[in-house]
Amino acid sequence: MSAVREQTAPRPPLGTGPSRRSPGPDPRRPARTAGRGLWPYVLIAPAVVGTLYLLVYPLIRAVMISLQDFGLRQLILGHARFVGFKNYGTLLGDPHFWEVVRRTFLFMGINVALIMTLSTLVALMVERLGRFGRTAVLSALVLTWAMPVISATTVFQWLFHSEFGIVNSVLTGLGFESFDRYPWFAHGPAAFAIVVVLVVWQSVPFAAITLYSALTTVPAELYESARLDGASGPRIFRSITLPIVRPIYLLVFSLEVIWTFKAFVQIWVMTNGGPGDATTILPVYAVQTALSSQRYDLGAAASMVTVVLMSGVLVLYFRQMFRQEDELA
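What counts and what doesn't
Residues numbered from 1 in each chain as written. Predicted model: local features only at pLDDT ≥ 70, side-chain atom pairs only at ≥ 80, totals over all residues. Heavy atoms only, no water. Helix = DSSP H or I, 4+ residues; strand = E, 2+ residues; numbered from the N terminus. Contact = heavy atoms within 4.5 Å. Areas by Shrake-Rupley, 256 points an atom, 1.4 Å probe, with all protein chains shown as cover. Polar contact = N/O pair within 3.5 Å; in protein donor to acceptor, adjacent residues only side chain to side chain. Buried < 20%, exposed > 50% of the residue type's maximum accessible area, 1.4 Å probe, protein only. pLDDT = per-residue confidence, 0-100. Axes fitted to C-alpha atoms, helices over the stretch in contact; angles between N-to-C directions. Parallel < 35°, antiparallel > 145°, perpendicular 65-115°, else oblique. Left-handed = near helix turned anticlockwise from the far one by under 90°. Nonpolar A, V, L, I, M, F, W, Y, C, P; charged D, E, K, R; others polar. Core = buried A, V, L, I, M, F, W, Y, C linked by side-chain atoms within 4.5 Å.

A. The overall build of the chain, seen in detail. When you go through the chain residue by residue, the secondary structure sums to 14 helices and two strands. Here the contacts in the chain between residues at least 6 apart in sequence split such that 67% fall between residues at least 24 apart. Entry remark: accessible area of the chain is about 20900 Å², with carbon and sulfur atoms responsible for 67%.

B. Quick look at the side chain of Thr260. Relative to the helices and strands, Thr260 resides in helix H11 (residues 233-261). Polar contacts involving the side chain of Thr260 include one to the main-chain carbonyl oxygen of Val257, which spans 3.3 Å. Apart from residues no more than four positions distant in its own chain, Thr260 is found in contact with Phe107, Met108, Asn111, Val112, Ile115, Val199 and Ile281.

C. The side chain of Gln68, seen in detail. You can see Gln68 is positioned in strand E1 (residues 68-69). We classify Gln68 as buried; its relative accessible area is 14%. Ignoring any residue separated from it by four or fewer positions in sequence, one finds Gln68 in contact with Ala80, Arg81, Phe82, Val83, Asn87 and Asp297.

D. Quick peek at the confidence of the model for the chain. Confidence in the prediction for the chain averages 84 pLDDT; 87% of positions are at 70 or higher. Here residues 1-9 is modelled with pLDDT under 50, and outside its nearest four sequence neighbours on either side it reaches zero contacts, counting other chains as well.

E. The arrangement of the packing of helix H5 (residues 95-128) against helix H9 (residues 188-215) in detail. The contact between H5 and H9 brings their axes to 7 Å, and the two run at 40°. One way to sum up the angle between H5 and H9 is to call them oblique. Two packed elements cross with a definite hand, and for H5 against H9 that hand is right-handed. In terms of residue class, the contact of H5 with H9 is made up of 20 nonpolar, four polar and two charged.

F. Summary view of unusual backbone geometry. Cis geometry is found at the peptide bond from Gly274 to Pro275, where omega equals 0°. As for its placement among the helices and strands, Pro275 is situated in the loop between helix H12 (265-270) and helix H13 (282-291). Phi angles above zero are rare outside glycine, and Arg181 is one such case at about 55°. Among the residues examined, Arg181 registers a relative accessible area of 57% and is labelled exposed. Unusually for a residue other than glycine, Asn272 sits at a positive phi of about 60°. Relative to the assigned elements, Asn272 resides in the loop between H12 and H13. Assessed through its relative accessible area of 42%, Asn272 is described here as partly exposed.

G. Structural context of the nonpolar core. Within the largest apolar cluster, 59 residues are counted, with the highest numbers of intra-cluster contacts made by Leu91, Phe97 and Phe107. Per element, the largest residue contribution to this core is 16 residues, and it comes from H9. The contacts of Leu91, once residues within four sequence positions are left out, are Phe97, Tyr285, Leu298, Ala301, Ala302 and Val305. Listed in part, the five residues of the second largest apolar core include Ile65, Phe70, Ala290 and Tyr296.

H. Inspection of the packing of helix H6 (residues 131-146) against H9 at higher detail. One can describe the packing of H6 onto H9 by two numbers: an axis separation of 8 Å at closest approach and a directional angle of 135°. Regarding the angle of H6 to H9, the classification is oblique. Between H6 and H9 lies a crossing of left-handed hand. Where H6 approaches H9, its residues Arg134, Leu138, Leu141, Val142, Thr144 and Trp145 are matched on the opposing element by Trp201, Gln202, Pro205, Phe206, Ala208, Ile209 and Tyr212. Classifying every residue of the contact of H6 with H9 gives ten nonpolar, two polar and one charged.

Now the structure itself:
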C-alpha cells in the first residue's frame, strides 16, 4: 500500500522544485520598450516637420510681413522696417476694405444657404432611391467632386461666353432675344451670380455625400414609429432626422463656411475680382493689394484678418460641439 501510495503521490509542477530558480526580469526589456515607444514618433517626424514648414512657417512669415513696411524694394533688397500695427490701422480705416468685407459675408451667406439646402435635398433623395438610382446619383456626385477647380472654371467660362456660349444660345432659342451675345462677365451682378453657381455646383457633392452617410445611421424603426403616429415628412425630419445628424450637419456647415469664405481660385481665374470690384472678396483683395499695388504688407494684413474671421467660425463650431458632448454626458 505504501508503494502504491508513493507511486500515486502528486508530483510538483515542472520548474517549481527546490533546485530551480524562477528567472528574474530581463534587464534589457525596459530599453527595448523605450525604443519601441520612440519609434512611432520617429516615423511621423517627417510629416510633422513638413506640416510645420508648409503651414506654420508661412503663417508666421505673413504675420511678420504684416507688421513691417514691406514693398517691392524690401522684397528685393530686404531690411524691412518694423511699423507695428500701422498696416492694420491703414487697412481698417479704408472704406473700400469694409465694402469687400461686406461682399465677402454676402457671398459666403448666399453660397452656404444654397449649398446646405440643395445638399440636404439631394441626400434625402438618394436615401429614398433604389440601388441603381442611388449608385447613379452617387457616381455623378463623385465625378463632379473630382473635377479639378481650374477645369470646372474654364468650362463655366465657355458656357457663359458672350459669343460662343451655350447659355446664350439656349436662351436666345427660347425666345429671349436680349441674351443674344449677352456679356455676362461685363455686368457685376451677372458675374457674381455665375461665381455663386460655380461654387455651389462644386461644393454640393461633398456636402450631399456626407449628409447621406449621416442619414444612413438613423434607425429605420424610428421612422416607422413616427409614420404610425401620423407624423408628416417635414415633422419627421425636424423631430427625428435633424437631431440625430446634427453633429455632422454642423460639421458640414462649418466646413462650407470656411471653404466659401476663402474661395479664391474660381474668382481669380474667371473674373480677377471684376468687373470693377463686383466679385472681389477678402482673399482676392489680399492678392490684388499685394501684386497690383505691390503693398505686400497690406496684403499680408488682409490675409491675417481673413484668418482671424475664419478662426472665429471654428471657435463657434467647437463651442457648439463641446456643448453637445456635455449634454450627452
